[in-house]
Amino acid sequence: ETAATEPTERLNIAIYNGSQKIGITNSFDDELKAMYSNIDIVLKETAQKSDYEKSVVVDLTKHNAPFAKELAAKINGVVGELPEGETLPENSDVLIILGNNDYKQVP
């Protein structure tokens, strides 16, 4: 079990629910805060689509590639660009769109 790589500076994180699971952003919020201390959750929204197969981590500032890559691996997701049709969240460094796959790590 490797310790999480803390982002070098405090990051603002936006979370979109791109799945059909109700309330998933709230439970994920808690999990994320347990993984990383150097982040702030600034926005929780419902994505435009609810059929994301996997979670997507979007490095909006293009300065957080190592963090985005590690986070995507931790939540069984992929690093990607902002999907077409999704709103760019304001004042956010990283956007996480939760997909229909389970983000919890398999022990």
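Residues numbered from 1 in each chain as written. Predicted model: local features only at pLDDT ≥ 70, side-chain atom pairs only at ≥ 80, totals over all residues. Heavy atoms only, no water.

K.L.:
Help me understand the packing of aromatic side chains in this model?
P.N.:
To describe a pair of aromatic rings, you give the distance between the ring centres and the angle between the ring planes. On inspection of all chains with the given rule, the structure shows two aromatic pairs. Ring geometry for Phe28 against Tyr103: centres 4.9 Å apart, planes inclined by 80°, an arrangement best described as edge-to-face. Taken together, the residues Phe28 in helix H1 (residues 24-35) and Tyr103 in the segment after strand S5 (94-98) connect sequence positions 75 residues apart. Tyr103 matches Phe28 in its accessibility class, with the two residues each being buried. Considering the side-chain rings of Tyr36 and Phe67, the 4.9 Å spacing of their centres and the 70° angle between planes classify their relative orientation as edge-to-face. A residue pair is termed long-range when its members are at least 10 positions apart, and Tyr36 in the loop between H1 and strand S2 (39-46) and Phe67 in helix H2 (residues 65-74) qualify at 31 residues. Taking relative accessible area as the criterion, Phe67 reaches 6% and is therefore assigned buried. Geometry around Tyr52 places Lys49 over its ring, the cationic atom sitting 4.8 Å from the centre. (Phe/Tyr/Trp six-rings, centres within 6.5 Å; stacked < 30°, edge-to-face > 60°. Helix = DSSP H or I, 4+ residues; strand = E, 2+ residues; numbered from the N terminus. Buried < 20%, exposed > 50% of the residue type's maximum accessible area, 1.4 Å probe, protein only. Lys NZ or Arg CZ within 6 Å of the ring centre and 35° of its normal.)

K.L.:
Any chance you could explain the environment of Leu71 here in plain terms?
P.N.:
Position of Leu71 relative to the elements: it lies in helix H2. For the pair Leu71 and Gly18, spaced 53 residues apart in the sequence, the C-alpha separation amounts to 17 Å.

K.L.:
Sorry if this is basic, but what is going on with the sheet that holds strand S4 (residues 78-79) here?
P.N.:
Strand-to-strand pairing in sheets goes through backbone hydrogen bonds, with the strands running parallel or antiparallel. As summarised here, the arrangement of the five strands in space is S2-S1-S5-S3-S4, forming an open sheet in which the pairing is mixed. In this open sheet, the two edge strands, each paired with only one partner strand, are S2 and S4. H2 contacts strand S1 (11-17), S2, strand S3 (56-59), S4 and S5 of the sheet and is inclined by roughly 175° relative to S3. (Pairing = 2+ DSSP bridges. Contact = heavy atoms within 4.5 Å. Axes fitted to C-alpha atoms, helices over the stretch in contact; angles between N-to-C directions.)

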